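# Understanding the architecture of this molecule
Now for the letters of each chain:
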Amino acid sequence: MGEEVKLFRSWSSPFALRIVWALEIKGIEYEAVFEDLSNKSPLLLQYNPVHKKIPILVHNGRPIVESFVILEYIDETWKQAPLLPEDPYERAMARFWAKFCEDKVLISIWSAFIKQGKEQEEAMVAATENLKFLEKEMKGKKFFGGERIGYVDLTLGWLANLGSIFEEIVGLKIVDEEKFPLLYSWMQDFAEAPIIRDNWPPRDKMIVKFQALLDAAIASSSSSSSSSK
Amino acid sequence: MADEIVLLSIWPSMFGMRVRVALAEKGLKYEYKEEDLQNKSPLLLMMNPVHKKIPVLIHNGKPISESMIIVEYIDEVWNHKSPLLPTDPYQRAQARFWADYVDKKLYDIGKKIIWSIKGEEETGKKEFIECLKLLEGELGDNPYFGGENFGFVDVSLVTFSCWFHTYESYGNFSIETECPKLVAWTKRCLEKESVSSSLADPHKIHNFASGVRKRLGIE
């Protein structure tokens, strides 16, 4: 068919992983270009001059950036296995929850992982409040998309993997099975779906990477006068 | 059956104004309810329990929140008139990218100029001008960000223009000097009834901001 699809990604980026999943769910052939984010290629900088980040989807030579924008583009260009619902109200709801997952859930869980002392406690409180909303949204559904994995699932999917990695590193229970039974079982179902399961980055490498990020954060916070522990 | 449309907002909000512009573009009648953010109505808390923020659009009893999500909803439901997003997926992606850029950057950077207590005004001003210049570059020689027609990115950005006078006053700079093409674009947009009837008066915005600064102890 002569379609050229390239995905600029890194080995660990959860944002790029959303695009991997979307392409695989739709059965789209693509070439993965792995970037070293400490040494960005000229091509990356040319395709995303504004943010200089991955993921970048390049379709027939034209770049699309920002993972939500890319997901919508993929859904509009390749109509099989739709990620977003058809009904405009349901689409608005999916976009709302995806934004909530990104702006609130991800930020609060990341803070609960990376911060110390009082800041960490506050982040855990915020994370718990945010997860309560998601738990409520899961009622009667296997996935956020219903019977099939959809847009919101792909947005939150990082949690099904990074959640347990964060918990292993800092010993904090982020998604407690008792408090959030629906979310907990969503994490299992999502992680075990073949396309998802086959594309997780290597767990041991992830643990090393995030432990190093945490160590660096602790080092920089204890070198400042406002540390509390 | 007639559609029932209600908009919950506050008059100075550039986010609420986006929804007003979109509704006006589509020629839609709606009920506007002014909220008091110090005393949020039960309706607001019920319709946006997650964020408890405005704007909220309520269409036949069902709420939608987040201004650009609301604008996209309006565009999809009332798609027979004044389309805001183009039909081509790549053009749509470009429009979504730039609207996202406005969302990610302008409000938070602008806050440093107006509400800053810690002396971030200079950094804020520099970053703000950089953002506007980038957007001006994207506009190029087109009449609108949507090309020949007023579109999605125009909606996302034009409502900030009634706050320009306030940013200029507190940042001590002139947006017209820095970005003349962008200011020409704002004037072009204001010639449209949908925009002029939806944007607040810049001097009233300045008074509003002054009041908030006094309350914050930075005036």
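Residues numbered from 1 in each chain as written. Chains lettered and ligands numbered in written order. Predicted model: local features only at pLDDT ≥ 70, side-chain atom pairs only at ≥ 80, totals over all residues. Heavy atoms only, no water.

## Details of the pattern of salt bridges
- Per the counting criterion, the structure on display carries 31 salt bridges over all chains.
- Here E167 of chain A ties to K173 of chain A by a salt bridge, and the two come within 3.2 Å at their closest N and O atoms.
- Look at K173 of chain A and you get partly exposed, because its relative accessible area is 46%.
- Here E122 of chain B makes a salt bridge to K125 of chain B, at a shortest N to O gap of 3.6 Å. Within this pair, E122 of chain B and its partner K125 of chain B are both found in helix α5 (residues 121–139), separated by three residues, close to a single helical turn.
- The class for E122 of chain B is exposed, based on a relative accessible area of 54%.
- A single salt-bridge network, built from bridges that share partners, covers E72, E76, R91 and R95 of chain A together with E72, E76, R92 and R96 of chain B. (Salt bridge = Lys/Arg side-chain N within 4 Å of Asp/Glu carboxyl O. Buried < 20%, exposed > 50% of the residue type's maximum accessible area, 1.4 Å probe, protein only. Helix = DSSP H or I, 4+ residues; strand = E, 2+ residues; numbered from the N terminus.)

## A word on the nonpolar core
- Grouped together as the largest cluster of nonpolar side chains are 143 residues, with contacts concentrated most on L57, L131, L134 and F190 of chain A together with L57, W163 and Y167 of chain B.
- In terms of residue count, helix α4 (residues 88–114) of chain A provides more of this core than any other element does, 14 residues in total. (Core = buried A, V, L, I, M, F, W, Y, C linked by side-chain atoms within 4.5 Å.)

## Let's talk about empty space enclosed by the protein
Residues and elements named next belong to chain A.
- What the rule picks out here adds up to one cavity of 30 Å³ or more.
- By volume, the largest cavity is sized at about 40 Å³.
- Along the walls of the largest cavity sit S12, P14, L17, W158, N161, L162, W200, P201 and M206, which together make up its complete lining.
- Listed by contribution, the elements that provide at least two residues to the lining of the largest cavity are α1 (14–25) and α7 (159–170).
- Along the lines of polarity and charge, the residues of the lining of the largest cavity split into seven nonpolar, two polar and no charged. (1 Å grid on protein atoms, 1.4 Å probe; cavity = no way out; pocket = protein on both sides within 12 Å on 5 of 7 lines; lining within 4 Å. Points joined across faces, edges and corners; volume = space filled by probe spheres on them. Nonpolar A, V, L, I, M, F, W, Y, C, P; charged D, E, K, R; others polar.)

## Focus on the interface of chain A and chain B
- Opposite the 24 residues of chain A that make contact, chain B presents 27 residues.
- Both sides together, the interface formed by chain A and chain B hides about 2,300 Å², and carbon and sulfur atoms give 68% of it.
- Run the count over chain A and chain B and you get eight salt bridges.
- For the pair chain A and chain B, the interface holds 10 residue pairs in polar contact (both at pLDDT 80 or more).
- Elements that contribute at least two residues to the side of chain A that touches chain B include exactly β4 (62–65), α3 (67–77) and α4 of chain A.
- Here the side of chain A that touches chain B gets 11 residues from one element, more than from any other, and that element is α4 of chain A.
- Across the side of chain A that touches chain B, the residue classes tally to 14 nonpolar, two polar and eight charged. (Contact = heavy atoms within 4.5 Å. Buried area = accessible area lost by both parts, 1.4 Å probe. Polar contact = N/O pair within 3.5 Å; in protein donor to acceptor, adjacent residues only side chain to side chain.)

## Overview of unusual backbone geometry
- Cis peptide bonds are those with omega within 30 degrees of zero, and the linkage from I54 of chain A to P55 of chain A qualifies with 5°.
- Relative to the assigned elements, P55 of chain A resides in the loop between α2 (42–47) and β3 (56–59).
- Residue I54 of chain B is joined to P55 of chain B through a cis peptide bond whose omega torsion reads 0°.
- Within the secondary structure, P55 of chain B is located in the loop between α2 (42–47) and β3 (56–59).
- Positive phi, close to 50°, is recorded for N60 of chain A, a residue that is not glycine.
- On the secondary structure map, N60 of chain A appears in the loop between β3 and β4.
- For A81 of chain A, which is not glycine, the phi torsion reads 45° and is therefore positive.

## Quick notes on the layout of surface pockets
- Each pocket or cavity is described by its volume, and for the second largest pocket that value is around 900 Å³.
- Surrounding the second largest pocket, 35 residues form its lining, E76 of chain A together with L85, P86, T87 and R92 of chain B being those nearest its centre.
- In terms of residues, the lining of the second largest pocket owes the most to one element, helix α4 (residues 89–114) of chain B, which gives six residues.
- Here the lining of the second largest pocket is built from residues that sort into 16 nonpolar, eight polar and 11 charged.

## What about the sheet that holds β4 of chain A?
Residues and elements named next belong to chain A.
- Spatial ordering of the open sheet is given by β2-β1-β3-β4, a layout of four strands whose pairing is mixed. Each of the sheet's edge strands pairs with one partner strand only, and the pair in question is β2 (31–34) and β4. Mean inter-strand twist for the sheet, computed between neighbouring axes without regard to direction, equals 25°.
- As judged from the four bridges shared by strand β1 (residues 5–9) and β2, these two strands associate in the parallel manner. What sits directly across from F8, in β2, is V33. (Pairing = 2+ DSSP bridges. Axes fitted to C-alpha atoms, helices over the stretch in contact; angles between N-to-C directions.)

## Some remarks on the environment of K192 of chain B
- Following the sequence through the fold, K192 of chain B ends up in the loop between α9 (180–190) and α10 (193–196).
- Taking C-alpha positions, K192 of chain B is 9.8 Å from V21 of chain B, a pair spaced 171 residues apart along the chain.

## A short note on the confidence of the model for chain B
- When pLDDT is averaged along chain B, the result is 96, and 99% of the positions lie at 70 or above.
- The complex prediction reports pTM at 0.96, with the ipTM value standing at 0.96. (pLDDT = per-residue confidence, 0-100.)

## With respect to the environment of A123 of chain A
Residues and elements named next belong to chain A.
- Along the chain, A123 turns up in helix α5 (residues 117–137).
- Considering only alpha carbons, one finds A123 and A219, 96 residues apart in sequence, at a separation of 19 Å.
- Not counting residues up to four positions away in its chain, the partners in contact with A123 are S108, S111 and A112.

## Focus on the state of the cysteines
- Overall, the coordinates contain zero disulfides over all chains when judged by the stated rule.
- With no disulfide of its own, C189 of chain B has C162 of chain B as its nearest cysteine by sulfur position, at a separation of 12 Å. (Disulfide = S-S within 2.5 Å.)

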